[in-house]
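Understanding the architecture of this molecule
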Amino acid sequence: MAVGPPARTTDKVLEESQLTGELRLSGRGLKEMPGMVPPFPYEDLLVADLSKNRLSEIPPGLVENGRSLEELDVHHNCIRGIPERIHQLRNLTILNLSRNQLTFLPPALCALPRLEVLIVSYNKLVSLPEEIGQLTHLTELDSRCNEINQLPVTLKRLESLVSLSLRRNSLQRLPDDIHCLLGLRVLDVAENQIKALPLQLRLMSSLEKLIVTCNPLEFPPATVCARGRLHIYKFLEIKAVRGEQEERHRRGASDELELRSARPPPVGGNDVRTPQPRAPAPPPVPVPTPAPVPVTPAGPESRTSIVSQRGSHAPPKHEAAAYSGYEPDRSSQVVMRRFEPARSASGLNHTPSSRHYGLGTKPSGVPSSGTSSGYSSSSSQQGAAGGYTSPPSQQGATGGYTSPPSHQGATGGYSSPPGHQGASGGYSSPPSHQSASSGYSSSSGHQAGLSAREKEAIERLRQNIEGRLHVSLPDDLRSALGDGVVLCHLANHVRPRAVSSIHVPSPAVPKLNEAKCRRNLQNFLEACRRIGVEEEHLCAPTDVNQLHTLPRISITVDRLLRFAAQPPQQLQSNV
């Protein structure tokens, strides 16, 4: 068995340290420093390693005379306190006090001007001293496995700190100003009692390693913290933005209240916020209602009787002469249309001329069967000034008498023949339909202003789609074809799988957005190209939005259906 070199004695180590400046007495079970005659010169020491012994304090001679000491390692001893004169080690840069029995750190320890590394892990520390902010050159602080429950406020002054380890303590929260540690790269706060991380943590852009495991975290949730630092920062950023928006809204509401309260009172000295009693409202002025005017059927005899009854209301001779040879022109139509809203709003269904000259009178040379309410009636029905059509042999809208067919209208003074415009420029409906007061036929309200050929093309488009897909389309084809779903199904009917993907509404989203509707229409046109429809017969995606462009879609559908197997009846009809 080989025998190693004999261990150097303590005296030999002390002698060599005087030459090298390094005193290494680790693991020798020393309870105190050995005495020497003459005393050991501590002034020349640079490094002192007294770890793994049974020292109860730092040697007093080393503290008093080690002015040149740079590194002091006394870990794994039984030290229970640090002397107040430790601030005399002004050149000390590394101090290792771990695995001792320290319960507090004296403020004198924070007076070391050049200290860069402080290791106080595995002790019984309850807190860090408030003066720790004086260690402006400190780059590493290791205080793991203690009982620290709160960090000092002055911790943010450690501008040179690079690594901070607080693992296995009793911390419940991190300070909000921890982001002031601009140079921090490693932060270890695992195995504590932290429930929430501060929002300011996301501002630590220099942080490279963040360890928050084994904490009862609720903000952010543990699932977010398990993903790493970037996910934690993103969560905190989202919460911070929402909080700023809520604060801005709350601040704006409070500012508005302050402005209202600071608003000066009016000139009279009354406070705006105290309502003043209002003056009583004047009594309503009674409006005289005109007496009803009896109306009799039109005719020469009744015309004479009405004029004789009115007496003073008979028209002057020069006005009566002005009606002779009267023909309706564009200017008169405009004037009459301007007065129609006032008549309908006031409930009077007669024109000024009928009020002064009688409903039975009409100037010579004026055609019959016309209206003045913005539309014209059929040849067998009379137009009403109130906005509805009265059947034959019924009472008129204004006179309360029976107007026979092909006589003058109730209010216009003359009537226009069917199929032409009335006296006020309204739209003429065919004889088979009732006229509406809005200016177009009620049965073709969605196709107003279209020509007969366009209406025929739209109706053919409706028949083609309903016959092929066995569906019932609404009156307004724009709403049915606007999303492109029906057209895509029609292309798949002609050639299966022509449109492979169709965006359809769902119960959660009952209406497609504009992008999906446009995509369906583009897929339909692309399928038409692949099937064989010529380019000049293809419509545009925007043609479904306008009523007058629906015939273009009808042309595209007609060309598309030529490539499908048509039923025999439809083939005969096309021929």
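An account of the accompanying structure is given in this report. Starting from 1, residues in each chain are numbered consecutively following that chain's sequence as written. Confidence filtering applies because this is a predicted model: local features only for residues at pLDDT of at least 70, side-chain atom pairs given and counted only at 80 or more, and all residues used for totals across whole chains, interfaces and linings. Neither water nor hydrogens contribute to the side-chain values; these are computed over all heavy atoms in the structure.

1. Thoughts on the overall build of the chain
In this description a helix means any DSSP run of H or I spanning at least four residues, a strand means any run of E spanning at least two, and both kinds are numbered starting from the N terminus. Scanning the chain from terminus to terminus reveals 14 helices and 13 strands. Looking at the chain residue by residue over its 575 residues, the buried ones come to 39%. Contacts are assigned to residue pairs that have any heavy atoms within 4.5 Å of one another. In the chain, of all internal contacts separated by at least 6 residues, the share reaching a separation of at least 24 is 44%. To be clear on the numbers: accessible area is Shrake-Rupley with a 1.4 Å probe, and residue cover counts the displayed protein chains and nothing else. Of the roughly 33500 Å² of accessible surface on the chain, a fraction of 53% belongs to carbon and sulfur atoms. Exposure classes here rest on a 1.4 Å probe applied to the protein chains alone. A residue is buried below 20% of its type maximum, exposed above 50%, and partly exposed in between.

2. Topic: the packing of aromatic side chains
Note on aromatic contacts: the rings of Phe and Tyr and the six-membered ring of Trp form a pair at centre separations within 6.5 Å, being stacked when their planes are under 30 degrees apart, edge-to-face when over 60 apart, and tilted otherwise. Within this structure, the stated rule accounts for one aromatic pair. When the centroid spacing of 5.3 Å and the interplanar angle of 65° are considered together, the rings of Phe219 and Phe235 count as edge-to-face. Residue Phe219 is found in the loop between β9 (209-211) and α3 (222-225), and its partner Phe235 is found in helix α4 (residues 229-261); the two are separated by 16 residues along the sequence. Lysine and arginine charges are scored as sitting over a ring when NZ or CZ, respectively, is within 6 Å of the ring centre and within 35 degrees of the ring normal. Against the face of Tyr122 rests Arg99, its NZ or CZ located 4.1 Å from the ring centre.

3. Some remarks on the sheet that holds strand β3 (residues 71-73)
Strand pairing is assigned whenever DSSP identifies at least 2 bridges connecting the two strands. Taken in spatial order, the nine strands line up as β1-β2-β3-β4-β5-β6-β7-β8-β9 in an open sheet, and their pairing is parallel. Edge strands, defined here as strands with exactly one partner in the open sheet, are β1 (22-24) and β9. Across the sheet, the mean angle from the axis of one strand to that of its neighbour is 5°, orientation sign disregarded. Relative to strand β5 (residues 117-119), strand β4 (residues 94-96) is paired through three bridges, and the arrangement is parallel. Across the sheet, residue Ile94 finds its bridge partner in β5, namely Val117. Note on geometry: axes are lines fitted to C-alpha atoms, helical ones only across the stretch in contact, with angles between N-to-C directions running from 0 to 180 degrees.

4. Section: the nonpolar core
The criterion is simple. A nonpolar core is a set of buried Ala, Val, Leu, Ile, Met, Phe, Trp, Tyr and Cys residues joined through side-chain atoms within 4.5 Å. Of all hydrophobic cores here, the largest spans 68 residues; its most connected members are Leu72, Leu95, Leu141, Leu187 and Leu201. Of the residues forming this core, the biggest block, four residues, is contributed by α4. Those residues in contact with Leu72 that lie beyond four places of it in its chain are Ala48, Ile58, Leu62, Leu89, Leu92, Ile94, Leu95 and Asn96. Phe524, Leu538, Cys539 and Leu561 belong to the second largest nonpolar core, which has 33 residues in total.

These values are about where atoms sit, not about what they do.
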